[in-house]
Amino acid sequence: MKILVTGGAGFIGSHLIDRLMEQGHEVLCLDNFYTGTKRNILKWLNHPYFELIRHDITEEIRLEVDQIYHLACPASPVHYQANPVKTIKTNVMGTLYMLGLAKRVKARFLLASTSEVYGDPDVHPQPEEYRGNVNCNGIRSCYDEGKRVAETLAFDYYRQNNVDIRVARIFNSYGTRMLENDGRVVSNFISQALRNKPITIYGDGLQTRSFCYVSDLVEGLIRLMNNDYIGPINLGNPGEYTILELAQTIQNMINPNAKLIYQSLPEDDPKQRQPDITKAIKYLGWQPTINLQEGLKLTIDDFRDRIINNN
Ligand code: NAD
Ligand code: UDP
C-alpha cells in the first residue's frame, strides 16, 4: 500500500515509518521539521519505497495514497506553546486539508488525537465516553481544543462525506529518539540525570501520568488503522505513576545522587491521567507489553548513546 505519514520525521511518526517500511509498504513522509529531524528517518532516505516531502500542512497538498496516518503537530507543551496560533492552524487547517485529501483520493485516515481532550479529568481512569474538563482559553487550549476540533472535523467528514476515519486518543508516550530539548517529562528527567543536573519536578510532583512505550503505541496505531472499529479509542499504558515516582525511578536507574528540585507547576497542568483501555483490548486485541522499567532502560540507553557518546 501507499501510505502517507504526516509528522513522519517526529518521535512517534519515525517509529511508525520503521514498522511500515519493514512491512514492505511504500511510505511518504511529510514533515516541516518543526520538531522532527532528518536523523530519525535517515536510514530510509535512499530506499526506493520511501519518499520525503518537506511541507507544512497548514498549506494544501495533492498526493495519491491509500492510507493517511495524520500525526503532524508538536506534542510537547514547550513546543506547542511557543507559537500557539500556529499550533491551532496545524490542528484545524492541517487536519481539514488532510481530510480533504482523504476524501478526494478515498484514503483511510487515522487521526492522532490525544488524552488531552479529557483536559484536567474529574473522571478517573478516563473512558472514551468521558467528555472532558477542558479550558477553552488557557495556555494548553491551542493543543487540547485544537485536537478536539480535529476530532470534530474527522467525524463530520465521516458523517457527511463517508471518509473512512480512525481516531486514536494517545496517552503520554515515550521512548528512543525523543529529543533532548523536547521538554516533556521523561526526556527532561533522563537528560538532566545523565548530565548531572538537578531533576526538575513541577509542582509537588503528586500529579500522575501513565506512560506508554513507543513500540507498544505504534502497534496499537497500526491495529486501529487496519481494523473496522473507527474509535475514538484510547491507546496508552494503564500503569499510573506520580511525577515524583517517575523522578525517583529515573534517579535510581541513572544516578542515585542526582538532586531533585521543585519548580512552579505550569498553568492548567492536569492532576491525573490514566487510560481505560477496555475498548482497545476488546476491538483491537491490543494492550501494552513493555513496563515502565523496561521502557525507561531502552530510552536511557538511547539518550546515553547520544549524550555521553555523542552518537
Ligand atoms: P513530535 O513533535 O516528535 O512530532 C510531530 C511531528 O510533526 C514533527 O516531526 C514536526 O516537525 C511535525 N509537524 C509539526 N507541525 C507541522 C506542520 N504544520 N506541518 C508539517 N509537519 C509538522 O511529536 P510526537 O510525540 O511524535 O507526536 C506525534 C503525534 O501524536 C502528534 O499529533 C501528537 O499530538 C500526538 N500525541 C503524542 C503523544 C505523546 O505522548 N508523544 C500523546 C498524545 C498525542
Ligand atoms: N513535568 C515536570 N518536570 C519537567 C517536565 C514536566 O515535573 O521537567 C511534569 C509536568 O508538569 C506534567 C508532567 O510532568 O505534570 C507531564 O508533562 P509532559 O510535558 O511530559 O506531558 P503533559 O503535561 O502534556 O502530559
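Since the structure is predicted, the reported quantities are computational estimates derived from the model, not experimental observations. As a convention, each chain's residues are numbered from 1 in the sequence order in which they are written. To label them, take the chains in the order written and letter them from A, then take the ligands in the order written and number them from 1. For a predicted model such as this one, the threshold for reporting local features is a pLDDT of at least 70, and the threshold for listing and counting side-chain atom pairs is 80 or more; totals across whole chains, interfaces and linings nevertheless cover every residue. Side-chain descriptors were evaluated using all non-hydrogen atoms of the structure, hydrogens and water having been removed beforehand.

Chemist: Just to check I follow, could you spell out the overall build of the chain for this structure?
Modeler: For helices the rule is a DSSP run of H or I covering at least 4 residues; for strands it is a run of E covering at least 2, with both sets numbered from the N terminus onward. A count of helical and extended segments in the chain gives nine helices and 13 strands. For a compact globule of 311 residues, the expected C-alpha radius of gyration is about 19 Å, and the chain comes in at 19 Å, within 12% of that figure. Along the three orthogonal principal directions, the C-alpha set of the chain runs to about 55 × 45 × 40 Å. Each residue is placed in one exposure class: buried if its accessible area under a 1.4 Å probe, protein chains only, is under 20% of its type's maximum, exposed if it is over 50%, and partly exposed if it falls in between. The 311 residues of the chain split such that 57% are buried. For a compact globule the rule gives 2.2 Å times the number of residues to the power 0.38, and the radius of gyration it is set against comes from C-alpha atoms.

Chemist: Please explain the pattern of salt bridges as it appears in this structure.
Modeler: When charged atoms on two side chains of opposite charge get close, those side chains can pair. Salt bridges are identified by distance alone: a Lys or Arg side-chain nitrogen within 4 Å of an Asp or Glu carboxyl oxygen. This structure, assessed with the given rule, holds 22 salt bridges. Measuring nitrogen to oxygen at the nearest pair gives 2.5 Å for the salt bridge that ties D56 to K86. Note that D56 is positioned in the loop between β3 (50-54) and β4 (67-70) and K86 in helix α3 (residues 84-105), a separation of 30 residues in sequence. Across the salt bridge formed by E128 and K279, the nearest N and O atoms sit 3.8 Å from each other. Residue E128 is found in the loop between β5 (108-114) and α4 (141-161), and its partner K279 is found in helix α8 (residues 278-284); the two are separated by 151 residues along the sequence.

Chemist: Would you explain the packing of aromatic side chains in this entry?
Modeler: Describing an aromatic ring pair means giving the distance of the ring centres and the angle of the ring planes. Stacked, tilted and edge-to-face are the three classes applied to pairs of Phe, Tyr and Trp rings, where Trp contributes its six-membered ring and a pair requires centres within 6.5 Å; stacked means planes under 30 degrees apart, edge-to-face means over 60, and tilted covers the rest. The full count for this structure, using the stated rule, is seven aromatic pairs. Between Y80 and Y143, the ring centres sit 4.3 Å apart and the planes meet at 5 degrees, which makes this aromatic pair stacked. One end of the pair, Y80, is in helix α2 (residues 77-80); the other, Y143, is in helix α4, and 63 residues separate them in sequence. For the pair Y80 and Y143, a shared accessibility class is recorded, and that class is buried.

Chemist: Looking at this model, I keep getting lost on unusual backbone geometry. Mind explaining?
Modeler: Trans is the prevailing form of peptide bonds, just as negative phi is the prevailing case for residues other than glycine. A cis amide bond links H124 with the next residue in sequence, P125, at an omega value of -10 degrees. Mapping P125 onto the fold places it in the loop between β5 and α4. Despite not being glycine, F33 has its phi angle at roughly 60 degrees, a positive value. Structurally, F33 is set in the loop between β2 (26-31) and β3.

Chemist: Help me out: how do you make sense of the sheet that holds β4 in this one?
Modeler: Whether parallel or antiparallel, the strands of a sheet pair through hydrogen bonds between backbone atoms. Pairing between two strands requires that DSSP report at least two bridges joining them. Spatially, β3-β2-β1-β4-β5-β6-β11 is the arrangement adopted by the seven strands of the open sheet, whose pairing is parallel. The open sheet has two edge strands with one neighbour each: β3 and β11 (233-235). With direction set aside, neighbouring strand axes in the sheet form an average angle of 20 degrees. In this structure, strand β1 (residues 2-6) lies alongside β4, joined through four bridges in parallel fashion. Bridge assignment links I3 to a residue of β4, and that residue is Q67. Docked against the sheet, α3 engages β1, β2, β4, β5 and β6 (165-170), running at close to 170 degrees with respect to β4. Interaxial angle, 0 to 180 degrees, is taken between N-to-C directions of lines fitted to C-alpha atoms, where a helix line uses only the stretch in contact. Note on definitions: a residue-residue contact is assigned when non-hydrogen atoms from the two residues lie within 4.5 Å.

Chemist: Please clarify how the site of ligand 2 should be interpreted in this entry.
Modeler: To be near a molecule or strand, a residue needs just one of its heavy atoms within 4 Å of it. The environment of ligand 2 is made up of 18 residues, and the closest members are N188, T200, R209, D269 and R273. In protein, a polar contact means a hydrogen-donor-capable atom and an acceptor-capable atom, both N or O and within 3.5 Å, with residues adjacent in sequence counting only if both atoms are side-chain atoms; elsewhere, any N or O pair within 3.5 Å suffices. One of the side-chain nitrogen or oxygen atoms of N172 is found 2.9 Å away from an oxygen atom of ligand 2. At 2.8 Å, a side-chain N or O of N188 approaches an oxygen atom of ligand 2. The set of elements that each furnish at least two residues to the shell around ligand 2 consists of α5 (185-194) and β8 (199-202). Charged means Asp, Glu, Lys or Arg here, nonpolar means Ala, Val, Leu, Ile, Met, Phe, Trp, Tyr, Cys or Pro, and polar covers whatever is left, Gly included. Tallied by class, the residues present in the shell around ligand 2 amount to seven nonpolar, five polar and six charged.

Chemist: In this structure, what is going on with the site of ligand 1? I would like to understand it.
Modeler: Taken together, the neighbourhood of ligand 1 is formed by 30 residues, with D31, T35, Y143, S173 and R184 sitting nearest. Here an oxygen atom of ligand 1 and a backbone polar atom of G10 are 3.0 Å apart. The side chain of R184 places a nitrogen or oxygen atom 2.7 Å from a nitrogen atom of ligand 1. Here the open area of atoms and residues is found with the Shrake-Rupley method and a 1.4 Å probe, where only the protein chains shown may cover a residue. Compared with its free state, where it exposes 820 Å², ligand 1 has 97% of that area covered by protein. Of all elements in the fold, only α1 (11-22), β5 and α4 reach the threshold of two or more residues within the shell around ligand 1. The dominant element in the shell around ligand 1, judged by the number of residues it contributes, is β5, at three residues. Split by residue class, the shell around ligand 1 holds 15 nonpolar, 11 polar and four charged.

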